[in-house]
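Working through the structure, step by step
Residue-level listing of the chains:
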Amino acid sequence: MTTTALTPAQATARFGEFTVIDVRTPGEYATGHLPGAHNIPLDRLDTAADTLRKAAQRTPLLVVCASGTRSTRGCAQLAAHGIDAATLEGGTTAWASAGHEVERPAGARATWPMDRQVRLAAGTLVLAGFVAGLVWTPAHWLSGAIGAGLVFSGVTNTCGMAAALAKMPHNRPPKNAVSFRETLLRLAP
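So, here is what we can say about the structure in this document. (Residues numbered from 1 in each chain as written. Predicted model: local features only at pLDDT ≥ 70, side-chain atom pairs only at ≥ 80, totals over all residues. Heavy atoms only, no water.)

1. As for the overall build of the chain
Put simply, the test is: Only runs of H or I of at least four residues qualify as helices and only runs of E of at least two qualify as strands under DSSP, and these elements are numbered from the N terminus. Residue burial is assigned from relative accessible area. The probe radius is 1.4 Å, only protein chains are included, and a residue is buried under 20% of its type maximum, exposed over 50%, and partly exposed in between. His is not counted, nor are the chain ends, whereas Lys and Arg count as positive and Asp and Glu as negative. In plain terms, the charge of a residue is placed at NZ if it is Lys, CZ if Arg, CG if Asp and CD if Glu.
The secondary structure content of the chain amounts to 9 helices and 5 strands. Secondary structure elements of the chain occur, N-terminal to C-terminal, as β-α-β-α-β-α-β-α-β-α-α-α-α-α. Seen through its principal axes, the chain has C-alpha atoms that stretch 60 × 40 × 30 Å. Considering the chain as a whole, with its 189 residues, one finds that 38% of them fall into the buried category. Each charge class in the chain was averaged separately, 17 positive and 12 negative side chains, and the resulting centres sit 7 Å apart.

2. Quick word on the nonpolar core
Defined as follows: Residues belong to one nonpolar core when they are buried, are Ala, Val, Leu, Ile, Met, Phe, Trp, Tyr or Cys, and are joined through side-chain atoms within 4.5 Å. Contact criterion: two residues are considered in contact whenever any of their non-hydrogen atoms come within 4.5 Å of each other.
With 19 residues, the main nonpolar core has Ile-21, Val-23, Ile-40, Leu-45, Leu-52, Leu-61 and Leu-78 as its most contacted residues. For this core, the elements supplying multiple residues, two or more each, are helix H3 (49-58), strand E4 (61-64), helix H4 (69-80) and helix H9 (180-187). Beyond its immediate sequence surroundings of up to four residues, Val-23 is in contact with Ile-40, Pro-41, Leu-42, Leu-45, Val-63, Val-64, Cys-65, Arg-70 and Ser-71. In this structure, Tyr-29, Leu-34, Leu-62 and Ala-86 belong to the second largest nonpolar core, which totals 13 residues.

3. A word on the packing of aromatic side chains
Here is the rule: Centre distance within 6.5 Å is the pairing criterion for rings of Phe, Tyr and Trp, where only the six-membered ring of Trp is used; planes under 30 degrees apart are then read as stacked, over 60 as edge-to-face, and the remainder as tilted. In our convention, an over-ring charge means Lys NZ or Arg CZ found within 6 Å of a ring centre and within 35 degrees of that ring's normal.
Summed over the entire model, instances satisfying the criterion amount to 1 aromatic pair. For the ring pair Phe-15 and Trp-95, a centre distance of 5.2 Å and an interplane angle of 35° mean the geometry is tilted. Here the residue Phe-15 occupies a position in the loop between helix H1 (8-13) and strand E2 (19-22), and Trp-95 occupies one in helix H5 (residues 91-97), the gap between them amounting to 80 residues. Note that Arg-44 overlies the ring of Phe-180, its terminal NZ or CZ placed 3.7 Å from the centroid. Between the NZ or CZ atom of Arg-116 and the centre of the ring of Trp-112, over which it lies, the distance is 3.8 Å.

4. With respect to a nonpolar patch on the surface
Keep this limit in mind: In this scheme, patches are assembled from residues that exceed 30% relative accessible area and form no salt bridge. Like charges are connected within 9 Å, while nonpolar side chains (Val, Leu, Ile, Met, Phe, Trp, Tyr) are connected within 5 Å. Each accessible area is a Shrake-Rupley result for a 1.4 Å probe, and residues are judged covered by the shown protein chains and nothing else. A carboxyl oxygen of Asp or Glu within 4 Å of a side-chain nitrogen of Lys or Arg is what we treat as a salt bridge.
A cluster of nonpolar side chains, namely Leu-127, Phe-130, Val-131, Leu-134, Val-135 and Trp-136, defines an oily patch on the protein surface of about 710 Å² accessible area. With respect to the helices and strands, the residue Val-131 is situated in helix H6 (residues 114-135).

5. Observations concerning the pairing of E4
Using the following cut-off: When DSSP finds two or more bridges between a pair of strands, those strands are recorded as paired. Convention used here: a crossover is right-handed provided that the path from the first strand, over the helix, to the second strand proceeds clockwise when the strands point away from the viewer.
By the alternation rule, side chains of E4 split into Leu-61 and Val-63 and Leu-62 and Val-64, which are all buried. Pairing analysis gives 4 bridges linking E2 to E4, with the strands arranged parallel. Counterpart to Ile-21 in the pairing with E4 is Val-63. Across 2 bridges, E4 lies against strand E5 (residues 85-88) in parallel orientation. The partner of Val-63 across the bridge, within E5, is Thr-87. Since E4 and E5 lie parallel, the crossover through H4 that links them has a hand, and here it is right-handed.

6. Here we look at the environment of Leu-120
With respect to the element layout, Leu-120 can be found in helix H6. In this structure Leu-120 comes out as partly exposed when scored by relative accessible area, which is 47%. Remark: the alpha-carbon pair of Leu-120 and Gly-74, spanning 46 residues in sequence, is separated by 24 Å.

7. A word on helix H7 (residues 140-156)
Heads up, the rule is: Multiply 1.5 Å by the residue count of a helix minus one, and that product is the helix's expected span. The arc in question is the one traced by the directions running from the helix axis out to the C-beta atoms.
Given a rise of 1.5 Å per residue, 17 residues ought to cover 24 Å, and the 25 Å separating the end C-alpha atoms of H7 matches this to within 8%. Regarding H7, the residues found buried are Ser-143, Ile-146 and Ser-153. Taken around the axis of H7, the buried residues stretch over an arc of 85°, which confines them to a single face. Facing away from the buried side of H7 by more than 90 degrees, the exposed set consists of Trp-141, Val-151, Phe-152 and Val-155. Elements that come into contact with the buried residues of H7 comprise H6 and helix H8 (160-165).

Right, dumping it as structure tokens:
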């Protein structure tokens, strides 16, 4: 299976050909997404594989996220299921920066991109471990543990902290959002 990386200009030229799959958290998706994009969070791609395979047989898939990192990982997951997909280089951020339309549901709350949430959480925990370690030396281990987790994340290209943060209330779908089940039904033939 192949994964193609498309620039925003390339994706725009062929936009009507694609079924767009946004792999960000529902909270991130609600803050703005490509027109017509369907929200299937990265951690639910395996569950949606059969539906996405059928959708890919009708039209090519364009997988997007905030920066292109998670969508590239999503394309690899889909490839493992025998599904071809393209990823958008630079993600929704590059799309919007290029002046292309982004749909923003009325009343959507602003949620930080996941990479920013991870940096804030990791930095806060490292700082807390350092400061607490000034009073109680073993607290420095918290900073070491977070550092080790960041190294593991870099080596494996996975992020346990992002997976945990994705479950937080601010990253869940708004009450008026289309459910995961409804999204799968919309993608089905």
